[in-house]
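# What the coordinates show
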Amino acid sequence: MRLLERVAVVTGAGRGLGAAMAERLAAEGACTVVVDIDGEAARRMAKALVERGHDSLAVACDVADRTQVAALVRRVTDRFGRLDILVNNAGITRDATFLKMTDEQWASVLDTNLTSMFVCTQEVARHMVERQKGRIVCVSSISGNEGNVGQANYSASKAGVIGLVKSLSKELARQGVLINAVAPGFIDSEMTAQVPEKIRDKLLARIPQGRSGRPEEIAAVVAFLASDEASYVNGQTLNVNGGMYV
Ligand code: CAA
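So, here's what we can say about the structure. The residue numbers shown here count from 1 along each chain, following its written sequence. Since the coordinates come from a predicted model, pLDDT governs what is reported: local features require at least 70, and pairs of side-chain atoms require 80 or more to be given and counted, while whole-chain, interface and lining totals use all residues. Each side-chain value is worked out from all heavy atoms of the structure, with water and hydrogens disregarded.

### Side note on the site of the ligand
Counted only if it meets this: Nearness is defined per residue: one heavy atom within 4 Å of the molecule or strand is enough. Counting of polar contacts relies on pairs of N or O atoms within 3.5 Å, with two restrictions inside protein: one atom must be capable of donating a hydrogen and the other of accepting it, and residues adjacent in sequence are counted only when both atoms are side-chain atoms. Starting at the N terminus, helices and strands are each numbered in turn, a helix being any DSSP run of H or I of at least four residues and a strand any DSSP run of E of at least two. Under this grouping Gly is polar, as are all residues other than the nonpolar Ala, Val, Leu, Ile, Met, Phe, Trp, Tyr, Cys and Pro and the charged Asp, Glu, Lys and Arg.
The ligand sits among 18 residues. The nearest are D95, T97, S141, Q151 and Y154. For the ligand, an oxygen atom lies 3.0 Å from a polar atom in the side chain of K100. Between S141 and the ligand, the recorded distance is 2.6 Å, taken from a side-chain N or O atom to an oxygen atom. Of all the secondary structure elements, the ones that give two or more residues to the shell around the ligand are α7 (190-193) and α8 (197-204). Taken together, the residues that form the shell around the ligand break down as 7 nonpolar, 9 polar and 2 charged.

### Section: unusual backbone geometry
Our working rule: Between buried and exposed lies partly exposed: a residue is buried under 20% and exposed over 50% of the maximum accessible area for its type, with that area taken using a 1.4 Å probe on protein chains only.
At E5, a position not held by glycine, the phi torsion is positive, near 65°. Among the residues examined, E5 registers a relative accessible area of 61% and is labelled exposed. Residue Q132 is not a glycine yet carries a positive backbone phi of 55°. Judged by relative accessible area, Q132 falls into the partly exposed class, the value being 45%.

### What to know about the pattern of salt bridges
Any two side chains of opposite charge can pair if their charged atoms end up close together. Spelled out, the test is: For this document, the term salt bridge refers to a Lys or Arg side-chain nitrogen within 4 Å of an Asp or Glu carboxyl oxygen.
For the coordinates displayed, the defined rule picks out 18 salt bridges. Between K133 and D84 there is a salt bridge, with its nearest N and O atoms 3.9 Å apart. You can see K133 sitting in the loop between α4 (103-131) and β5 (134-139) and its partner D84 sitting in the loop between α3 (66-80) and β4 (85-88), a full 49 residues away along the chain. For K133, a relative accessible area of 39% puts it in the partly exposed group. Taking the relative accessible area as the measure of exposure, D84 reaches 4% and is therefore buried. Connected via shared salt-bridge partners are R2, R24, E28 and E229.

### Some remarks on the sheet that holds strand β1 (residues 7-11)
Heads up, the rule is: Here, a strand pair is defined by DSSP locating no fewer than two bridges between the strands. Angles shown run from 0 to 180 degrees and are taken between the N-to-C directions of axes, each axis being a line fitted to C-alpha atoms and, for helices, limited to the stretch in contact. The contact definition used throughout considers only heavy atoms, calling two residues in contact when any of these lie within 4.5 Å.
An order of β3-β2-β1-β4-β5-β6-β7 is seen for the 7 strands of this open sheet, with the pairing classed as parallel. Of all strands in the sheet, those with a lone pairing partner are β3 (56-60) and β7 (237-240), marking the two edges. Averaged over all pairs of adjacent strands, the angle between their axes in this sheet comes to 15°, without regard to strand direction. Looking at chain direction, β5 and strand β6 (residues 177-184) are connected through 6 bridges and run parallel. Along β6, the bridge assignment pairs R135 with L178. Relative to β3, α3 is tilted by about 160°, and along the sheet it contacts β1, β2 (31-36) and β3. Across the sheet, α4 lies against β4, β5 and β6, angled at about 175° from β4, the strand it touches most.

And the structure:
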């Protein structure tokens with residue numbers, strides 16, 4: 001129960017890794033706000049948490065839309081009085097080899113994966129800086145560190161996340177706000193289920209642990225970074241990938 005009485009917002013928490021993160025933060029005692037562009041998925045997840053005895057709120061929100069994000073932060077602070085933890089998790093893939101990649105595939109991935117983190121972090125950090133306290137965890141990817149065939153847009157967005165985190169760690173620490181990233185490798189989710197089998201086998205062959213990761217294994221690291229146990233960790237990217245190499 002490392003997060004007792006903390007208020008945590010997890011974006012993209014209606015399903016997949018975000019849902020596992022919301023579960024874990026709630027299990028550690030946090031009041032957890034489940035944010036998703038799919039309001040129905042957010043409501044289902046928050047309901048499941050409440051049924052297990054946790055305090056939770058669902059909010060439908062496009063995390064790249066400034067007006068919606070500002071309304072989200074107001075709603076959370078009105079309801080809980082504060083916001084202690086932000087997990088910037090929402091992300092999409094629109095894979096295509098580079099010469100085939102469309103403007104729409106590029107822009108939608110950069111908007112959802114990177115601009116959203118600028119917008120959400122700025123709106124939330126204003127509140128955290130006022131309180132001189134806060135934790136932010138951003139989800140990057142092994143593709144951001146290493147690049148990946150068919151993922152120029154996604155890799156650029158996830159590398160951008162690492163640059164954003166490093167810069168903000170230098171700006172916000174003196175105001176009591178710590179920010180870090182977690183970079184998952186190949187994790188079981190709807191996102192990785194779309195990878196063609198032949199490519200999937202090649203990716204799995206590069207994981208010394210011999211298996212894909214589980215969402216809960218990423219959630220555990222997010223909970224650590226959000227907790228007081230990580231009180232001297234700032235501006236880092238924790239790779240959680242079973243030793244995967246390229
Ligand atoms: N290495 C080198 N070249 C490769 C390659 C690889 N791994 N994969 C594809 N290519 C090249 C080859 O020249 C290939 O031709 P052959 O099939 O004849 O070998 C050519 O690309 C095919 O290009 P096309 O544009 O014709 O392919 P396509 O349009 O049918 O599909 C694709 C392209 C959509 C990118 C498809 O290959 C794909 O889905 N790849 C998986 C991408 C991937 O790894 N996504 C990770 C998702 S998980 C995630 O994103 C989470 C995370 O954080 C890691």
